[in-house]
Amino acid sequence: MALGALAPAGAGAASLPSGFRDSVALEGLNAPTAFRIAADESVFVAEKNGEILRFDDLDDSSPTVFADLREPVYDNGDRGLLGLALDPGYPARPYVYALYTADHVLGEGPPDEARWGQPPNFEGDPCPKPPDADVDACPVSGRLVRLTAAGGKAVDEETLVEGWCQQFSSHSVGDLEFGPEGALFASGGEGASFTVSDYGQFGWPHKNQCDDPPGGEDLQPPEAEGGSLRALDLLTPADPAGLSGAVIRVDPETGAGWPGNPFSSSLDANARRVIAFGFRNPFRFALDPADGEVYVGNVGNSSFEEIDRFPSAPASAYDSGWPCYEGPLRNPNFQGLEIGLCDGLYAAEPGSTDAPFYYYAHAAGVTPADPCPIGGSAITGSAFYDGGEFPPEYDGAFFFADSVRGCIYAILAGDDGEPDPSTTRPFLVEGGAYTGADIQVGTDGSLYYLSLFGDEDLHRISYQPGSPLARLAADKEWGALDLTVHFDAGGSEDPDGGALDYAWDLDGDGLFESAGGSSRTLTFKKPENRTIAVEVSDQEGKSSTAQVRVYPGDTPPLPQIEDPDGSLTWAVGDRIEFSASARAKEGNGAQLPATSLYWRSSILHCRLGSENCHAHPLPVFPGVDSGALTAPDHDYPSRIRLTLTATDSRGLSATRTLELLPRTVALRIASDPPGVPLTAGTLSGPAPFPLTAIEGSNLTLVAPQQAQLGGDSFAFQGWSDGRARVHSLVAEVPGEYVAAYARTARAEPPGGEEPQAPQPRGARPKLDLHPRKQTASRTARFSFGGSAPAHRYLCRLDRKPWAPCGSPRVYKHLAPGRHVFRVALAGPEGSLESPAAVFRWKILARAG
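Because the structure is predicted, anything quoted here is derived from the model rather than measured.

Quick notes on the rules
- Residues numbered from 1 in each chain as written.
- Predicted model: local features only at pLDDT ≥ 70, side-chain atom pairs only at ≥ 80, totals over all residues.
- Heavy atoms only, no water.
- Patch = residues over 30% accessible without salt bridge, like charges linked within 9 Å, V, L, I, M, F, W, Y side chains within 5 Å.
- Areas by Shrake-Rupley, 256 points an atom, 1.4 Å probe, with all protein chains shown as cover.
- Salt bridge = Lys/Arg side-chain N within 4 Å of Asp/Glu carboxyl O.
- Lys, Arg positive; Asp, Glu negative; His and termini not counted.
- Charge placed at Lys NZ, Arg CZ, Asp CG, Glu CD.
- Helix = DSSP H or I, 4+ residues; strand = E, 2+ residues; numbered from the N terminus.
- Buried < 20%, exposed > 50% of the residue type's maximum accessible area, 1.4 Å probe, protein only.
- Contact = heavy atoms within 4.5 Å.
- Pairing = 2+ DSSP bridges.
- Axes fitted to C-alpha atoms, helices over the stretch in contact; angles between N-to-C directions.
- Phe/Tyr/Trp six-rings, centres within 6.5 Å; stacked < 30°, edge-to-face > 60°.
- Lys NZ or Arg CZ within 6 Å of the ring centre and 35° of its normal.

(A) Broad picture of a negative patch on the surface. On the surface, E562, D563, D565 and D625 cluster together into a patch of negative charge. Following the sequence through the fold, E562 ends up in strand β36 (residues 558-563).

(B) Seen up close, the environment of S728. Secondary-structure assignment places S728 in strand β50 (residues 726-730). By relative accessible area, which is 15% here, S728 ends up buried. Sequence-wise, S728 and D712 are 16 residues apart; in three dimensions their C-alpha atoms are separated by 29 Å. The residues touching S728, leaving out its near neighbours within four places in the chain, are Q201, F202, L699, T700 and R723.

(C) How the structure looks around the sheet that holds strand β26 (residues 447-451). As summarised here, the arrangement of the four strands in space is β1-β27-β26-β25, forming an open sheet in which the pairing is antiparallel. Two strands bound the open sheet, and with one partner strand each, they are β1 (20-26) and β25 (435-441). Going across the sheet, the axis of each strand differs from the next one's by a mean of 30 degrees, ignoring polarity. Across six bridges, the pairing between β1 and strand β27 (residues 458-463) is antiparallel. Note on β27: the bridge partner recorded for L26 is L458.

(D) Spatial organisation of the packing of aromatic side chains. Summed over the entire model, instances satisfying the criterion amount to 41 aromatic pairs. When the centroid spacing of 4.9 Å and the interplanar angle of 75 degrees are considered together, the rings of Y295 and F384 count as edge-to-face. With Y295 in strand β15 (residues 294-298) and F384 in strand β21 (residues 379-385), this pair connects stretches of sequence that are 89 residues apart. Under the relative-accessibility criterion, Y295 is labelled buried at 0%. Among the aromatic residues, ring-to-ring pairing joins Y295, F357, Y358, Y360, F384, F398, F400 and Y409 into one connected group. The aromatic ring of W116 is capped on one face by R115, whose charged end is 3.9 Å from the ring centroid. For the cation-ring pair, R280 lies above W322, with the distance from its terminal atom to the ring centre recorded as 5.6 Å.

So, in structure tokens, the structure goes:
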């Protein structure tokens with residue numbers, strides 16, 4: 001357990017390549033999830049609780065609340081206001097789009113009536129489930145709305161799409177982006193459990209709250225299509241289509257599916273919207289400005305993070321394959337369930353689903369020499385760099401963040417102009433907790449990113465080769481009057497080693513009118529907040545600024561968490577009551593009102609002492625001195641963190657943090673005979689193996705119907721607790737669970753074939769020969785090869801139809817201008833069996 005006070009944070013320690021600078025563009029945000037910078041330089045920031053702030057520009061320190069959606073937004077757990085987009089014609093077309101978790105259960109009550117949150121405070125949206133509920137959080141939905149701006153505020157909210165049934169507190173809605181043709185793209189997760197293999201067996205206030213097929217409350221393999229399997233809903237057209245685990249492409253005026261979508265002829269309105277499915281949590285995505293292709297960051301489960309790529313207007317819907325696949329391989333947690341949907345995909349390999357464009361393992365670095373932490377992962381914000389102030393090597397680069405690792409990576413463009421996975425490199429490292437929840441390129445050519453749960457600021461990454469770096473420190477930032485403070489900018493640096501000139505802004509008016517050396521000493525006689533800034537300049541006139549805020553006549557308040565103390569341990573469903581107080585340190589030590597207190601809660605998935613934690617937010621409790629939190633379900637090792645911040649009337653704050661460990665249950669998962677591969681919760685492997693679970697947590701035990709051991713065949717007979725081959729249990733007392741098998745056939749004599757390791761899904765062909773990227777020749781020759789002999793191919797030039805082809809492929813008498821060539825593996829029926837290899841080039845017009 002840790003308990004301590006935090007002073008105002010200084011500059012971050014993020015590390016970038018030479019010449020790049022990381023600075024804070026906007027600060028003082030509250031759990032910012034998404035942002036957009038408009039053509040008129042105004043900035044919109046979405047906060048998780050449902051507020052959208054509007055800044056006049058990046059120098060504006062006093063934003064207006066553009067829209068307050070806290071009542072309809074449900075922000076418990078990872079849910080909340082998560083997606084934001086501006087009409088491409090903004091501000092002439094005054095529309096702002098928001099994607100949020102809606103406090104509404106589909107089919108129950110009017111959509112504008114909050115289901116769980118209660119007035120006057122809708123932040124945190126506590127879930128009133130009973131302690132024995134076997135589900136992680138209250139059922140809700142997702143909603144895409146269009147807001148009309150007038151006078152700097154939203155004056156109208158129009159719901160375009162409502163769907164995305166969600167039972168658990170993660171894998172909620174995701175991102176919003178406009179395509180080049182004017183369509184609006186949106187993503188959403190499958191809303192299923194992130195701790196157990198969820199096929200629809202959970203629910204509160206009743207099982208199967210999302211009414212998944214085949215219907216009823218007792219969903220069981222192999223027929224079950226609920227839980228994570230909602231991501232594959234488009235494979236079962238006999239029932240209504242859902243939007244869970246999908247990317248949709250809609251008309252921004254109506255929310256209807258965009259003409260030309262893969263299922264545009266369907267009678268189902270949701271099916272007409274979908275262009276890609278089979279995702280676990282497509283939290284963020286980006287469109288390549290060169291060709292409009294969509295790159296989706298799909299947050300993984302226990303093994304891989306992946307990036308999926310597909311055209312913005314695909315002829316057939318892209319299928320990422322979750323939960324039957326994770327990354328390039330079958331998902332063992334679902335393979336053992338013997339679910340009909342997954343077994344059908346496995347039987348149709350290869351090519352039954354689409355292989356990821358790029359993936360990396362949780363247990364390894366993203367690159368071979370990755371300096372970022374290993375042990376947890378969550379791929380988040382992404383953006384394409386279409387040229388600007390960065391060096392030319394970054395033109396066409398795809399940036400993506402892994403917020404758990406605290407790093408941002410760059411995949412540079414290859415010779416064909418496409419992002420080339422072999423060029424992947426760390427770009428920003430040591431960024432801190434939840435760096436890069438959203439990434440965008442600004443109108444100034446800088447790269448901007450949000451920090452969600454760290455400093456909660458909007459950062460700017462600029463390229464300033466040779467420019468000095470200003471640093472400013474104060475020996476004190478508060479204290480009694482008369483307060484004497486020494487400001488030191490001596491730590492500023494010039495990369496060329498030259499001398500620096502210093503100019504000071506001592507009155508906070510933004511003007512550096514006071515020349516001087518690298519330090520200043522000031523005495524403050526009035527109890528007023530002051531911001532002191534320094535500008536350092538080199539001999540070439542390049543400059544950089546830094547600032548510090550001081551609070552003369554003030555001291556941080558003294559918050560105190562009174563209950564619980566650090567010895568409290570918890571089980572899933574426990575009610576954890578908390579209380580606190582805060583008083584002023586100066587004067588008579590008057591107690592601050594409850595309105596000055598702000599509680600955050602979260603669950604950290606990592607061992608005590610580890611800094612590389614995957615965090616899930618739990619409810620917030622603003623403006624109260626006491627409350628109660630229900631301990632959530634999560635896999636071990638995890639712990640609950642309570643953070644109390646007290647802020648005085650002048651904005652000076654202090655924080656106390658308390659971490660509470662869970663009670664655990666020691667289990668052993670075994671088979672008779674030993675060696676059968678079993679699944680328990682998130683663990684899979686040959687039995688026996690130990691399992692530590694949080695008391696009261698849900699586990700799903702999975703045993704295969706048939707098993708092979710040493711060449712002998714075995715059939716499942718039963719579990720030692722007398723329950724079904726696949727069943728869920730609550731971890732309450734230590735014990736052993738044994739899956740019994742009976743031999744059905746002896747091994748054949750030696751000489752048989754060795755079992756084959758799982759193979760990745762189909763890889764794209766390799767282009768061996770192509771034209772120059774710029775050429776005067778009107779003839780183009782391509783040669784290509786596949787991963788196995790006797791492959792058949794499909795080729796496509798520009799917007800012409802796909803056609804069978806062979807290597808080499810030659811095109812003659814081409815017109816001047818830009819051209820695109822694609823080649824993919826052909827399936828037995830002439831269908832695309834792999835992602836396409838793509839090459840873009842330009843034929844120059846001959847002079848004269």
